[in-house]
Every structure is written in structure tokens, then in C-alpha cells.
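Given next are the chains, with one letter for each unit.
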Amino acid sequence: EVSTASNLPQFMKEHLKAKDINVPTFSRIDSAIDIYNFIKKNSYPVVIKPIDGMGSIGATVLRNDKELMNYLTNGLKPNMEIETFVEGEMYHIDGLILNEKVVHCWPSKYVNGCLAFHQEDILGSYQLDPGNPLTKRLIRFTKDVLEALPTPDNTSFHAEVFHTPNDELVFCEIASRTGGGLVRQAIQQGFGFDINQLVVEAQCDLEVNFPRHLVGKGPSSPSGWLLIPPKKGRLKKIPPAPSIDWVKKKEISAKLNQDFDGSTSSVDAIAGFCIVGTSEKQLNSRIQDLAVWFNKSTVWESI
């Protein structure tokens, strides 16, 4: 039985580990001694993060004793855990469960990781091609996770999985909600339905018109998205959103002479774009080109 929300992530990983699903080594933190003992047993690098967090807020990678000492000087916050750092690329798998059945499940690859905002790097992702060898593996892995965990009858889900240099898939986390950033918009652009609308209809016992011909199918209009994080300083110049036919959604939220103190989470952004392409290769190229253009077109002043 799970008594509080703060127990859920640890319960989730313990449950999956018992089902032979690959998860990082992890432990709850109650004191600095727990961190010391974990590192002594498992070595660097490690990740320390909130048990009940979101958007990678509060997540820190420690790679040596100096970084550990710097981290501890700020004191320990409650509800934290430590786990081994997984080298590899991160994917997110998004889907929909209706009446206990997985009717939609499709992987995307992150451009940079969810901790990239610490270096003021962009965050984005693009949907995988059906022919990508990882596509079926990630779908099967995610379905195994869903089968191993108690799962709501009607829900969207957002899973994150590492693919290591040794060609292993390692579980990161999963939530019974739609992903952040522009995941919802990318799904709508790529597959033609609003995942949040269908979830609300199902949970309210309303008629749900899910396009059944899409079950098991890839995107008809492959889509991706990009978030531009704020820098530390005053924004002195920002370009208007570009008028390009493959940019389907654009939102610039920052204003001239607005001051920023950098990013506080992985989805903290001054601009966001949802794009389309013909393949994952083209999507990735367009995301990179758009990021380069935007960064060259903005001017920041130190404050």
C-alpha cells in the first residue's frame, strides 16, 4: 500500500525492479550519510533529485567529491532521492489508455536532456520514424512498464527511458498525465487528436471519439517541438516568430528589457515552437536550425 505521494517514485522503481525491468540503482535520502554511503557503494556520477518534483526542478548531477561538498553546503531538502547516473540518450514515450487498453503509444527522442537547462541549452524532441529499430523496442518496454504497475483505466501517460551506449533500455520515470513542454501539441499535429480532450471525456464517462485506425500506427505528419530557455541577463533584442510553413505553432512569451535569472526548470522558456517534417532526421535538423537562428537573433545584456 502506498500511503503518501512522496513514496510513489520509490515504490514505482521497487515494483519494476521486482518485475525484472531495468531501473537505476536508487535510495531515499534522509541524511548526508545516506549520500556518502550510496556513493561509496556505487561510485560517481550520481543524480540527486526531489522524490515529488517535476520539470527536473532541483535535480543535480554530482561527478566528484568537490561537487558533493558544494552541494552539501546548501543543506539537504526534504523528500530527496539519489540514484546512479545513466549515460545515454533519453527518449519519452507518450500514449493513451482507454478502458484499460493502450490505444496510443509512440516514442520521441529528446534534443539534449531534461537537465540541459542548467547550461542554458535548448530542450526539444521529435517523433521517431516507424522504421527506427528503437521504435518497437521503446513501445514494448513502455507497455511492459504499464503492465507491471497499477495503471488507471483511462489516462494519458508520459514515460522517460534511457538508451545506453551498451544498447540497453533503462527506465527513468513514468506519470499518468500528458507530458509537458509541447508534447500535447506535437501529438495533435502528428496524429490528429487532442490527447487531453480524450482523457477528460473518458474520465467523465462521455463519448470518446478516438480514431481507431491510428492504433499501432506512426504519425501521419511527423512532428517535434523546441523550447528556448532564458539566459541570465536583460533581453535587449528578440526577433518576431518566423513565418515558415513547417513551424505550426509559435509563441514568444518574453518582452524587451525583461530581466531573467536563467532557467529554473526544463520547461522554462522564452519561446516555443511546434514543427513538422517528413522524417526524424529532418525534424532534428529543423529544430537545430531554428535554435541557431533564434539565438543569433537575440541580444542579452549583463545585469
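In this text the structure is predicted, and so the values were computed from the model without any measurement.

## Points about the side chain of Glu201
Mapped onto the elements, Glu201 comes out in helix H6 (residues 195-203). Buried Glu201, no salt bridge; nearest opposite-charge side chain is Arg212, N-O distance 10 Å. Among all residues touching Glu201, those that are not within four sequence positions of it are Leu206, Glu207, Val208 and Asn209.

## Observations regarding the packing of helix H2 (residues 32-42) against helix H3 (residues 65-72)
For the pair H2 and H3, interaxial distance at closest approach is 12 Å and the crossing angle is 165 degrees. As summarised for this structure, H2 and H3 are arranged roughly antiparallel, according to the angle between their axes. Note that H2 runs across H3; the crossing there is right-handed. Judged by residue contacts, Ala32, Ile35 and Ile39 of H2 engage Leu68, Tyr71 and Leu72 from H3. Among the residues making up the contact of H2 with H3, the classes are represented as six nonpolar, no polar and no charged.

## Quick look at the side chain of Lys109
Tracing the backbone shows Lys109 in strand S6 (residues 101-111). Within polar-contact distance, the side chain of Lys109 engages the side chain of Glu89 at 3.0 Å. Beyond its immediate chain neighbours, meaning those up to four positions away, Lys109 contacts Glu89, Met90, Tyr91, Gly124, Ser125, Tyr126 and Leu128.

Reading the values: the criteria
- Residues numbered from 1 in each chain as written.
- Predicted model: local features only at pLDDT ≥ 70, side-chain atom pairs only at ≥ 80, totals over all residues.
- Heavy atoms only, no water.
- Helix = DSSP H or I, 4+ residues; strand = E, 2+ residues; numbered from the N terminus.
- Buried < 20%, exposed > 50% of the residue type's maximum accessible area, 1.4 Å probe, protein only.
- Lys, Arg positive; Asp, Glu negative; His and termini not counted.
- Salt bridge = Lys/Arg side-chain N within 4 Å of Asp/Glu carboxyl O.
- Contact = heavy atoms within 4.5 Å.
- Axes fitted to C-alpha atoms, helices over the stretch in contact; angles between N-to-C directions.
- Parallel < 35°, antiparallel > 145°, perpendicular 65-115°, else oblique.
- Left-handed = near helix turned anticlockwise from the far one by under 90°.
- Nonpolar A, V, L, I, M, F, W, Y, C, P; charged D, E, K, R; others polar.
- Polar contact = N/O pair within 3.5 Å; in protein donor to acceptor, adjacent residues only side chain to side chain.

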